[in-house]
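Chains, contacts and geometry: an overview
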Amino acid sequence: MATSLSYYLREMARGEWLRKFLFVKTAPYETPPHFRDYPRLTGKECTHCLACMMICPTPGAIEVLKTENGWNPVIYPGHCIRCGLCVEACPEGVLMSGRILESQFYDNTGYASTFHITVDRVRCMRCGNCSVACPVNKEEDPQLAATGTGANDAVIMRVKGGELQILHEEKCTGCKTCEETCPNSAIRVARVVEAIHVPEEEG
Amino acid sequence: MKKTVDVSLPIGPLHPCFKEPARIRCETKGERVISAEMDLGYVKKGIERIMRGRPWQEVMFLAERICGICSVIHNMVCIETLEKISGVEVPERAAYLRVIVNELDRIQSHILANFSYCYTIEHETLAMYLLNLRETAMDMLELITGARVTCAYMVPGGVRFDLRDEDRITLEAALDHMDHELRRYVGMFEHGPLVAQRSKGVGIISREDVIEAHGVGPVARASGIPESDRRCEHPTYQKLGFTPLSYEEGDNYARVMIRFDEVFQSIDLIRRCLANMVPGTIRGGGAIKAGEATHAGEAPRGELTYYVKTDEYGRIVDITVRTPSIMNIESCAHYMLEGVSSAADVTSTFISADPCIACTER
């Protein structure tokens, strides 16, 4: 008892202890540079490929919108969970968050996605809304988009012979416009994502 | 003579000792607890229902949001189940990185559990020391994965980020720091007379009772069942020469000490991983195929099991999660709390079983 009391008295009599007790403050908190924050724009040009929107796991967290400066992704912080998948998915390096963009080139990692369309034959009533609304179809066959009928087989899907046929699944960009326009929720787009080490060079 | 009245003593759902809402109904005689029963169901999320129909890149984020304390192991077991379904192989470097992040998560979870215990037995100084030390583990998690809690580190076929050489030096320094500091704190817990009196011989559960109650994790290992550790069956841990630890006493003291010992063991495992790691690829690729599988891993609280069924495009058709806390909570209520001599020991015994209500109710 006496020894511990004298220890404390001696400790407190030291000038350093008193100075620390009265004046030392906790260092202000700084966000470390490796913190995976909300994605920010790097200033590179967005090509409107929508890869960030397609891989985003949360509904309504990212949108690619047209402004005066062209297309640019917009992050909604209330919905974003800061997973950083959009940063990794972007082929142009438009977004950045923490060290993800840097380490992506450092590690040479990326994601390969493919899209698959499934049609529920029972629910589908062959209205063809999906093939008219599809933005890829509009580019492939302007006549289909304008009039609702077309005979071009380069489109993704088309009502042919009384059945909705998926002709070129590989052209699908996964925008899910067909899912939204289908009145019966018969068509579904599945995205299959693969985590790869060396990203495929396209073009 | 004073008349002893039998009282039904409710503790919770809101109580300063509980991190999450749960209610313990104790039948007491004076202050001695005769029997206890748990009431759960205050924070049901229904997360398994939300997961259905979604692809893995959405489910993986939902899975780690089941539990806020042991989020990495949820991510790991979910991804390993998907890999088991589709036969995806993990590169060696990625397997070691997974173990490093998982063990860092175990360190912070165990230290947090022991913090709550020390806080519950009113040893706030030691509790705050431990909480301060936990920040080192959290900072290391942030350094490697970019986030403190919801790391989202593992993907099918590998991990998301590599460990850089400069980060490796920081990690090694942090491990040395944690090792050194924790030895001091364990000494305080082990030899402090007050701490030992509050903990030794309180809330005893025997080996037979643990088996009867299906206790898992540190609760089972504190009662002498080392083989309950699922890490023994994990190939990477086998490669690292992992041997589980155990205590025989089965009281609060043993349950806290086994967690301290496992922190030292985790630090040792991370060091062994860093020594064994060679540069290489960190992602092997591989798409998720159709199928169903059950897979179990060792969470900080015990055995965590996922049952997953997928369709041909890798969407989750059905998923069931079994988390460890439900067994530990029940074994706490039915075996440990029986005969506890005061109401203050009820909360400390309950916290020593390390209940995670968010996991339990999902």
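Residues numbered from 1 in each chain as written. Chains lettered and ligands numbered in written order. Predicted model: local features only at pLDDT ≥ 70, side-chain atom pairs only at ≥ 80, totals over all residues.

A tally of helices and strands in chain B yields 14 helices and eight strands. Here the C-alpha coordinates of chain B stretch approximately 75 × 45 × 30 Å along the principal axes. Considering only contacts in chain B between residues 6 or more positions apart, those separated by 24 or more positions represent 70%. (Helix = DSSP H or I, 4+ residues; strand = E, 2+ residues; numbered from the N terminus. Contact = placed C-beta atoms within 7 Å.)

The subject of this paragraph is the overall build of chain A. Helix and strand content of chain A: nine helices and eight strands. For chain A, the C-alpha atoms occupy an extent of roughly 100 × 35 × 35 Å along the three principal directions. The burial tally for chain A puts 28% of its 203 residues in the buried class. (Buried ≥ 20, exposed ≤ 12 C-beta atoms within 10 Å, placed from the backbone.)

Here the focus is helix α13 (residues 343–352) of chain B. Residues and elements named next belong to chain B. Burial analysis of α13 places eight of its ten residues in the buried class, the great majority of the element. Every buried residue of α13 is accounted for by D345, V346, T347, S348, T349, F350, I351 and S352. Remark: D354 follows α13 within two positions and exhibits a positive phi of approximately 55°.

Once that is clear, we can look at the domain arrangement of chain A. Along its sequence, chain A is organised into domain 1 (40–108) and domain 2 (115–190). In this structure, domain 1 of chain A and domain 2 of chain A have C-alpha centres spaced 28 Å apart. (Domains from an automatic or database assignment.)

Take the pairing of strand β3 (residues 70–75) of chain A next. Residue and element names in this part refer to chain A. In terms of strand pairing, strand β2 (residues 62–67) meets β3 through six bridges, oriented antiparallel. Counterpart to V64 in the pairing with β3 is P73. Between the antiparallel neighbours β2 and β3 lie two residues. (Pairing = 2+ DSSP bridges.)

Let us look at the interface of chain A and chain B. Facing 26 residues of chain A, the contacting portion of chain B comprises 24 residues. Mapped onto the side of chain A that touches chain B, the elements with two or more residues apiece are α5 (100–107) and β8 (187–196) of chain A. Tallied by class, residues from the side of chain A that touches chain B come to 13 nonpolar, seven polar and six charged. (Nonpolar A, V, L, I, M, F, W, Y, C, P; charged D, E, K, R; others polar.)

Another aspect to go through is the nonpolar core. If you look at the biggest cluster of nonpolar residues, it comprises 136 residues, and the most contacted ones within it are C52, I55 and C86 of chain A together with V101 and L337 of chain B. It is helix α4 (residues 92–120) of chain B that provides the largest number of residues to this core, a total of 16 residues. Filtering out sequence-adjacent residues up to four positions away, C86 of chain A remains in contact with P39, C52, I55, C56, I62 and L95 of chain A. Grouped together as the second largest cluster of nonpolar side chains are 14 residues, V155, I156, C172 and A186 of chain A included. (Core = buried A, V, L, I, M, F, W, Y, C linked by C-beta atoms within 7 Å.)

All names here are of chain B. Here α4 crosses α13 at 175°, and the two axes come no closer than 9 Å. By the criterion of interaxial angle, the relationship of α4 to α13 is roughly antiparallel. Here α4 contributes S116, Y117 and T120 to the contact with α13, which in turn contributes T347, S348, I351 and S352. Partitioned by chemical class, the residues of the contact of α4 with α13 number two nonpolar, five polar and no charged. (Axes fitted to C-alpha atoms, helices over the stretch in contact; angles between N-to-C directions. Parallel < 35°, antiparallel > 145°, perpendicular 65-115°, else oblique.)

This paragraph deals with the packing of helix α6 (residues 165–191) of chain B against helix α11 (residues 252–276) of chain B. Residue and element names in this part refer to chain B. The N-to-C vectors of α6 and α11 enclose an angle of 160°; their axes lie 11 Å apart at closest approach. In terms of orientation, α6 and α11 fall into the roughly antiparallel class. Handedness of the α6/α11 crossing: left-handed. On α11, the residues touching R168, E172, L175, M178, D179, L182, V186 and F189 of α6 are V256, F260, V263, I267, I270, R271 and L274. (Left-handed = near helix turned anticlockwise from the far one by under 90°.)

Attention shifts here to the environment of Y29 of chain A. Residues and elements named next belong to chain A. Its location among the elements puts Y29 in the loop between α2 (15–23) and β1 (40–41). For Y29, a count of 6 C-beta atoms within 10 Å puts it in the exposed group. For the pair Y29 and C130, spaced 101 residues apart in sequence, the C-alpha to C-alpha distance is 52 Å.

The backbone phi angle of E122 of chain B is positive, close to 65°, even though this residue is not glycine. The phi dihedral of H214 of chain B falls on the positive side, at around 55°, and the residue is not glycine.

Before going further, it helps to examine the sheet that holds strand β8 (residues 316–322) of chain B. All names here are of chain B. Spatial strand order, β6-β7-β8: three strands in an open sheet with antiparallel pairing. Each of the sheet's edge strands pairs with one partner strand only, and the pair in question is β6 (291–299) and β8. Between one strand axis and the next, the sheet turns through 15° on average, direction left out of account. In the sheet, strand β7 (residues 302–310) pairs with β8 via six bridges, with the strands oriented antiparallel. Across the sheet, the residue bridging to V308 is I319, located in β8. Helix α3 (residues 71–86) contacts β6 and β7 of the sheet and is inclined by roughly 145° relative to β6.

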